[in-house]
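# Remarks on the overall topology
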Amino acid sequence: MNSSLPLRQSIRTHSPIPLQNHKSARFKLQPSRFVNSSIQNCSRTVSFSPSSIPIQPRFNGSVESRTVPSLRVRVSSNDAQFGSSNEDCEPKAPSFREFITSERIKVVSMLALALALCNADRVVMSVAIVPLSLAHGWSRSFSGVSSFLWGYLISPIAGGTLVDYYGGKVVMGWGVALWSLATFLTPWAADTSLWALLATRAMLGIAEGVALPCMNNMIARWFPQTERARAVGIAMAGFQFGNAIGLMLSPILMSKGGIFGPFVIFGLSGFLWVLVWLSAISSTPDRSSQISKYELEYILNKGWKSFPMENKPKTNRIIPPFRRLLSKMPTWSLIIANAMHSWIYHVDLKQAAWFSAVPWSVMGFMGFFGGMWSDMLIRSGISVTLTRKIMQSIGFFGPAIALIGLTTARNPFLASAWLTIAVGLKSFSHSGFLVNLQEIAPSYSGVLHGISNTAGTLAAIVGTVGAGFFVELVGSFRGFLLLTSLLYFLAALFYNIFSTGERVNFDETAIATEELEMFRNASEGCAVGIVISHPKR
């Protein structure tokens, strides 16, 4: 945004030293010293300690540069001069009807569809592998080989880095195109050779590794903080329903179009999605030609503190500061949470007939409910940190207790009920650690998501392989369920101790740039009163 718009500036000094005696033109912005920002009736107070914001106050018509050790900026509307109202400067929260008809709902709906395709393409092989093995004479041991999982293991970190640099729209478009191509080529690969089939499944895993980091990036750009949890709930509901859709539709499509029917249908659906995505969706709200003025102002006013718009050339480096990212305990709280979140997914329980659509559907609905509740808590004044910990506690303590109940089940119906409760409650963690990625590091949410996803994939491999060894060691699956319950308790405690909903200082330069952008966004279109003072010595 243009920071040189005509503004009325009044400067009042509280200093024993005359302002004219100052020599330098810069304030040095300390990234972690952002003290306060509030918006009430279009009145904003932004406080910085000794900082590096270049300002050019006017003195008798001339422009002079000054150095000051402390800056407090109060930005307020001047309705008489600018012909605006408080409602124009800070739009009211949208109604439910406005929310579901907004441009940002179109964005999150497309994300939900992409994640549904992501999971459907992933699980269709679990249905097709048995007839494919019989048709091609593959061994039973081969049917358990998952080249997809190994492809998915290596891509999230690199994909998340690309997401942070190029944005979620571009990377998601390429990701869906590549995994749809891999799905579409699976029939050809299966008829060609085993190695060709393994290569296409690995390509599917590599391409799908960017899906969740892209989802987080797009939601952080399009949704203010008070709506992000429900947005993640909607997107992840698509992810869960995609699992159910893939498991239910694949046998039907196979019966109508042969073994390769679902691969062709899902692959073509992905290509269609890419065409709509590239033509109808913008990377940020300020680049959208379809968004209304009201919605854009609402997103900018509510979201300016946490994720600045990309209306300037990229200046951040493409290689993230991995050492600094991994040196902070909030990062490890997210990594451990994601690893534990993935643990139960890949334990091979979904082959049971009852573990098909119902648990995944319940998880989708419960995740959206958790997101709505999380946003309500934040709007009611509960801190972001406490809200995330509440959601994560439900998402981990709940499954831990449910798995203990599962060990007491005496029939398949009770076992199904307990497991459905476990995965349903686990979806509350989408409003915990999954949204938390955007909050502690907006500039690095993609690579952080990639790191935690890789940890989750490793946990999935360990959980799948380790379950067999553990059951063989203790003689029953009940012991493995109790171990999993203990791990959920420990992961929940670790997250509650070390997580935060506040910004973490991973990159001082990036944070300084974004806070300066916040100041510019806050001051545009409003009269500015600036108070400059020396700190007490």
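Preceding this paragraph is the structure being described.
So, a few notes on the structure that sits alongside this text. Every chain is numbered independently, its residues counted from 1 as its sequence is written. In keeping with the predicted nature of the model, local features appear solely for residues at pLDDT of at least 70, side-chain atom pairs appear and are counted solely at 80 or more, and the whole-chain, interface and lining totals rest on all residues. Side-chain measures were taken over the full set of non-hydrogen atoms in the model, leaving aside hydrogen atoms and water.

### Overview of the packing of helix α10 (residues 225-257) against helix α15 (residues 358-379)
- Two elements in contact, α10 and α15, have axes whose closest approach is 8 Å; the angle formed by their N-to-C orientations is 180 degrees. Judged by the angle between their axes, α10 and α15 are roughly antiparallel.
- Note that Gly is not counted as nonpolar here; it falls among the polar residues with everything else outside the nonpolar set of Ala, Val, Leu, Ile, Met, Phe, Trp, Tyr, Cys and Pro and the charged set of Asp, Glu, Lys and Arg. Here the residues of the contact of α10 with α15 sort into twelve nonpolar, ten polar and five charged. Note on definitions: angles span 0 to 180 degrees between N-to-C directions of axes, and those axes are lines fitted to C-alpha atoms, for helices only across the stretch in contact. Runs of H or I in DSSP of at least four residues are treated as helices and runs of E of at least two as strands, each being numbered from the N terminus. Orientation categories follow fixed angle ranges, with anything under 35 degrees roughly parallel, anything over 145 roughly antiparallel, 65 to 115 roughly perpendicular, and all other angles oblique.

### Quick word on the pattern of salt bridges
- In the sections that follow, a salt bridge refers to a side-chain nitrogen of Lys or Arg positioned within 4 Å of a carboxyl oxygen of Asp or Glu. Overall, the coordinates contain six salt bridges when judged by the stated rule.
- Between R104 and E227 there is a salt bridge, and its shortest N-O distance comes to 2.8 Å. Of this pair, R104 sits in helix α4 (residues 103-136) while E227 sits in helix α10, placing them 123 residues apart in sequence. Both residues of the pair, R104 and E227, count as buried.
- As a salt-bridge pair, E439 and R388 come within 2.7 Å of each other at their nearest N and O atoms. Of this pair, E439 sits in helix α18 (residues 433-440) while R388 sits in helix α16 (residues 384-406), placing them 51 residues apart in sequence. No difference in accessibility class separates E439 from R388, as the two residues are buried.
- Residues joined by salt bridges that share partners form a network here, namely R104, E227 and E295. The cut-offs for exposure are 20% and 50% of the maximum accessible area for each residue type, with area from a 1.4 Å probe on protein chains only; residues under the lower value are buried, those over the upper are exposed, and the others partly exposed.

### Focus: the nonpolar core
- Membership of the largest hydrophobic core comes to 78 residues, with the highest contact counts inside it found for M215, I219 and W273.
- If one sorts the elements of this core by residue count, α4 sits on top with nine residues.
- In what follows, a contact means two residues having at least one pair of non-hydrogen atoms within 4.5 Å. If we ignore the near neighbours within four places in the chain, the residues touching M215 are L111, L115, M172, V232, A235, M236 and L434.
- Among the nonpolar cores identified, the runner-up in size contains 14 residues, and A128, I129, L197 and F266 belong to it. Among buried residues, the Ala, Val, Leu, Ile, Met, Phe, Trp, Tyr and Cys ones that are joined through side-chain atoms within 4.5 Å form a nonpolar core.

### What to know about the packing of aromatic side chains
- For Phe, Tyr and Trp, rings pair up if their centres lie within 6.5 Å, where Trp contributes its six-membered ring, and each pair is then called stacked (planes under 30 degrees apart), edge-to-face (over 60) or tilted (otherwise). Counted under the stated rule, the structure contains ten aromatic pairs.
- Each ring, one from F494 and one from F498, has its centre 4.7 Å from the other, and the planes form 50 degrees; the classification is tilted. Within this pair, F494 and its partner F498 are both found in helix α20 (residues 477-498), separated by four residues, close to a single helical turn.
- When its relative accessible area of 31% is taken as the criterion, F498 is described as partly exposed.
- Put simply, the rings of F369, W373 and F428 touch in pairs and so form one group of aromatic residues.
- We count a charge as sitting over a ring when the NZ of a lysine or the CZ of an arginine lies within 6 Å of the ring centre and within 35 degrees of the ring normal. Geometry around Y152 places R122 over its ring, the cationic atom sitting 4.9 Å from the centre.

### Side note on helix α9 (residues 211-222)
- What a helix is expected to span follows from its residue count: subtract one and scale by 1.5 Å. Its twelve residues place the ends of α9 17 Å apart at the C-alpha level, agreeing with the 16 Å of an ideal helix rising 1.5 Å per residue.
- Among the twelve residues in α9, twelve count as buried, and that is most of the element.
- Buried within α9 we find A211, L212, P213, C214, M215, N216, N217, M218, I219, A220, R221 and W222.

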